[in-house]
Structure formats: C-alpha cells, structure tokens
Amino acid sequence: MYSIEKELKILRQFVKPEHMDTSEGWHCYSEDEVSAAEERLHTKLPPPIREIYLYMADLLIGSNDLRPLELLHWDKDYLAFFENPDADVIAGIKRDDPSNDIYAWEETDPKDIAWEYEDDFRAAYEERDKKGQEKAVGRFQKYWEKLNANPKHGPLRIAKWKNEPRYAHTLDGYGLFLVINALCELAEMTKHNFPDEPSCYFCEVFAGHTAEYFQDLDHRIRKEFVPLSAHPELLDMEVPMQMVYARQNPDALLISQDILLILLTKTPPEQAFLENIRELTGLPLCVGL
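Residues numbered from 1 in each chain as written. Predicted model: local features only at pLDDT ≥ 70, side-chain atom pairs only at ≥ 80, totals over all residues. Heavy atoms only, no water.

Engineer: Would you explain the overall build of the protein chain in this entry?
Structural biologist: A tally of regular secondary structure across the protein chain gives nine helices and ten strands. In terms of overall size, the protein chain behaves like a compact globule, its C-alpha atoms giving a radius of gyration of 21 Å where 289 residues would be expected to give roughly 19 Å. C-alpha atoms of the protein chain, sized along the principal axes, occupy 65 × 40 × 30 Å. Taken over 289 residues, the protein chain has a buried fraction of 49%. Pairs at least 24 residues apart make up 65% of the contacts formed inside the protein chain by residues separated by at least 6 positions. As displayed, the protein chain has an accessible area near 14,300 Å², and 49% of this comes from carbon and sulfur atoms. Averaging the locations of the 32 positively and 54 negatively charged side chains of the protein chain gives two centres separated by 5 Å. (Helix = DSSP H or I, 4+ residues; strand = E, 2+ residues; numbered from the N terminus. Rg over C-alpha atoms; globule rule 2.2 N^0.38 Å. Buried < 20%, exposed > 50% of the residue type's maximum accessible area, 1.4 Å probe, protein only. Contact = heavy atoms within 4.5 Å. Areas by Shrake-Rupley, 256 points an atom, 1.4 Å probe, with all protein chains shown as cover. Lys, Arg positive; Asp, Glu negative; His and termini not counted. Charge placed at Lys NZ, Arg CZ, Asp CG, Glu CD.)

Engineer: Any chance you could explain the environment of lysine 152 here in plain terms?
Structural biologist: Looking at the secondary structure, you find lysine 152 in the loop between helix H6 (130–149) and strand S5 (156–160). Here lysine 152 falls in the exposed class, since its relative accessible area comes to 81%. Spatially, the C-alpha atoms of lysine 152 and asparagine 276 are 63 Å apart, while their sequence positions differ by 124 residues.

Engineer: For this particular structure, what's the right way to read the sheet that holds strand S2 (residues 78–82)?
Structural biologist: By way of backbone hydrogen bonds, the strands of a sheet pair with one another, either parallel or antiparallel. On the basis of which strands lie adjacent, the open sheet formed by five strands has the order S1-S2-S3-S4-S5 and antiparallel pairing. This sheet does not close on itself; its edge strands, each paired only once, are strand S1 (74–75) and S5. (Pairing = 2+ DSSP bridges.)

Engineer: Is there a simple way to think about the packing of helix H1 (residues 5–12) against helix H3 (residues 47–55) in this case?
Structural biologist: Relative orientation and spacing of two packed helices are given, respectively, by the angle between their axes and the distance between those axes. Following both chains from N to C, one finds H1 and H3 inclined at 20 degrees, their axes separated by 10 Å at the closest point. The orientation of H1 relative to H3 falls into the category roughly parallel. For the element pair H1 and H3, the recorded crossing hand is right-handed. Contacts between H1 and H3 pair Glu5, Leu8, Lys9 and Arg12 from the former with Glu51, Ile52 and Tyr55 from the latter. Residues of the contact of H1 with H3, tallied by class, amount to three nonpolar, no polar and four charged. (Axes fitted to C-alpha atoms, helices over the stretch in contact; angles between N-to-C directions. Parallel < 35°, antiparallel > 145°, perpendicular 65-115°, else oblique. Left-handed = near helix turned anticlockwise from the far one by under 90°. Nonpolar A, V, L, I, M, F, W, Y, C, P; charged D, E, K, R; others polar.)

Engineer: Can you walk me through the side chain of histidine 169 in this structure?
Structural biologist: Summarising the element assignment, histidine 169 is placed in the loop between S5 and helix H7 (171–193). With relative accessibility at 12%, the residue histidine 169 sits in the buried group. With sequence-adjacent residues up to four places away left out, histidine 169 is seen in contact with Asn100, Asp101, Ile102, Trp161, Lys162, Asn163 and Glu164.

Engineer: Is there a simple way to think about the pattern of salt bridges in this case?
Structural biologist: Once the charged atoms of two side chains with opposite charge are near each other, the side chains can pair. Within this structure, the stated rule accounts for 18 salt bridges. Across the pair glutamate 83 and arginine 67 runs a salt bridge, and its minimum N-O distance is 3.3 Å. Separated by 16 residues along the polypeptide, glutamate 83 in the loop between S2 and strand S3 (89–94) and arginine 67 in the loop between helix H4 (57–62) and S1 bring together distant segments of the chain. Judged by relative accessible area, which is 4%, arginine 67 ranks as buried. Put simply, aspartate 172 and arginine 166 hold a salt bridge, and the shortest N to O gap is 2.7 Å. Through salt bridges with shared partners, a single network forms among Arg67, Glu83, Glu107, Glu118 and Arg122. (Salt bridge = Lys/Arg side-chain N within 4 Å of Asp/Glu carboxyl O.)

Below, the structure is given as structure tokens:
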C-alpha cells in the first residue's frame with residue numbers, strides 16, 4: 001500500500017474551490033478531526049484514506065464518492081469509505097485485514113431509518129448548524145451501535161474486489177482514481193459554468209487507435225511532462241499510457257480519460273504554450289465538447 005499524499009498535493013493545485021458547488025460547504029478535514037474519528041472507530045485509517053480526507057474530502061464528498069468522516073461507522077467487521085449513489089453497494093475495508101484490498105457489501109438497515117439521520121446531518125452541515133450536526137451524528141452512530149450489538153445483524157453480499165488494473169481494486173489506486181475522475185467532472189462543470197476562463201481543454205481522438213499509437217503518444221508527452229506517480233502501476237491503463245501526467249513545475253496536467261485527453265492549467269495559458277502542446281501531442285485542443 002502506497003501513500004498518495006504527493007500525488008494528492010499536486011492534484012489539489014488544480015482544484016478551484018470557487019468553481020465548486022459550495023451550497024453544502026464540504027471541507028477537507030484537519031489532522032485532529034481525522035485522529036478523533038480514528039479514536040471513535042478504534043482503528044487507524046489506512047494511509048491513502050487518511051490522505052484523501054485531509055486533501056480531497058470536499059471534492060469527493062461533493063461528487064458523492066466519499067462518505068463524510070462524521071458518518072463513518074462499523075457494519076459488524078466492515079468499514080465503508082466509498083459510496084455509490086447509483087447502487088446499494090458500498091466499499092471499504094475489513095477489520096484486522098492489513099492488506100490494500102477493497103471489500104464491497106450491501107448495508108442492511110432493518111428499520112430504514114439511518115438515511116433520515118444522515119439527511120439531518122447533511123442539512124445541518126449545509127446550514128452550518130454545529131449543534132444540529134452533533135445531534136444527527138449522535139443518533140446515527142447510536143443506531144449503528146445498536147445494530148452491531150444484534151448478533152443477527154450483518155452486511156450482505158460481501159465480496160473482495162479483484163478487478164484489474166490496480167486502480168480498480170486497491171485502496172491507494174482506487175482512491176487516486178476517484179480523485180482524478182472527480183477533478184475531470186469539475187473541469188467539465190467549470191467549462192459549462194465559467195466558459196470565459198480558459199484553463200481546461202479537451203480533445204476527442206482516442207477511439208480506434210493502436211497500441212503503437214499510444215506508445216508513441218506516451219513517448220512524446222514525456223518530453224514535457226512526467227507521470228503523476230512514481231508508482232506507475234497505480235495509474236496503468238489498458239492502453240500503454242499513464243492516466244495522468246504533470247508538467248514538472250507543476251503548472252499543467254494531462255489526463256487521459258476514456259477517449260479524451262484533458263489539459264488542465266492552474267492559470268490561463270499563453271498561446272505559445274498551447275501551440276507547444278498541440279505540437280507535442282499532435283492533437284487539436286478545444287475549450288469545450
């Protein structure tokens with residue numbers, strides 16, 4: 001299991017809070033807040049998970065990928081971090097399993113009431129109501145403590161993810177992948193809501209190209225950029241490219257997503273820089289799709 005702190009610090013530079021939906025006001029957590037959650041849960045969070053809560057919680061909670069730290073709870077021997085708003089399955093770790101593996105399961109809520117406490121917490125959070133948050137969290141946690149005390153209660157459909165590549169089934173790789181995916185979603189939303197701010201460019205060119213094409217593209221990109229991570233297996237793709245490359249400053253990212261290559265810059269780039277990227281990649285760049 002790798003620390004992904006270095007990668008998250010680079011990616012964080014391209015998250016612009018002013019472009020995010022601030023209606024719910026999610027924030028990144030402090031070291032003290034993470035330590036308090038660990039004390040409550042009687043477990044040390046895996047390094048990649050701790051780092052996500054410290055550096056990217058606002059982005060991932062806002063994209064419905066990450067459970068708020070206050071709502072973390074054991075479901076018997078399982079602790080979920082990752083949420084899926086389109087399915088009943090959640091994902092996280094198994095107690096006393098020190099591996100990098102992710103488990104998925106379905107939470108059971110026999111009284112169908114936990115979601116009400118969660119909604120109360122989210123509403124209080126949005127309203128900056130500290131007492132309301134504490135009250136809702138207290139009810140939520142007591143409810144799960146009571147469920148866990150019942151010997152007949154337990155999660156359903158438990159399975160260990162074994163997908164390949166690594167970013168699809170490990171805590172470090174999957175956490176990093178979720179951040180990159182949420183960053184791309186934020187970029188698309190930014191282009192829609194702030195069309196006059198040229199710091200994000202797209203090109204749709206990947207469909208149908210050969211492995212040799214991607215090998216050559218990877219070689220050309222590395223003349224100006226380096227892979228985001230020193231552990232390339234974290235961001236390996238089916239094609240011979242990395243998922244993300246960073247300009248060494250870093251003042252720009254190149255993200256390979258599906259059939260897109262996305263260029264993100266911290267500030268509006270000069271035309272000469274864009275021309276250099278076009279020549280480097282051999283790809284046309286556009287500000288929207």
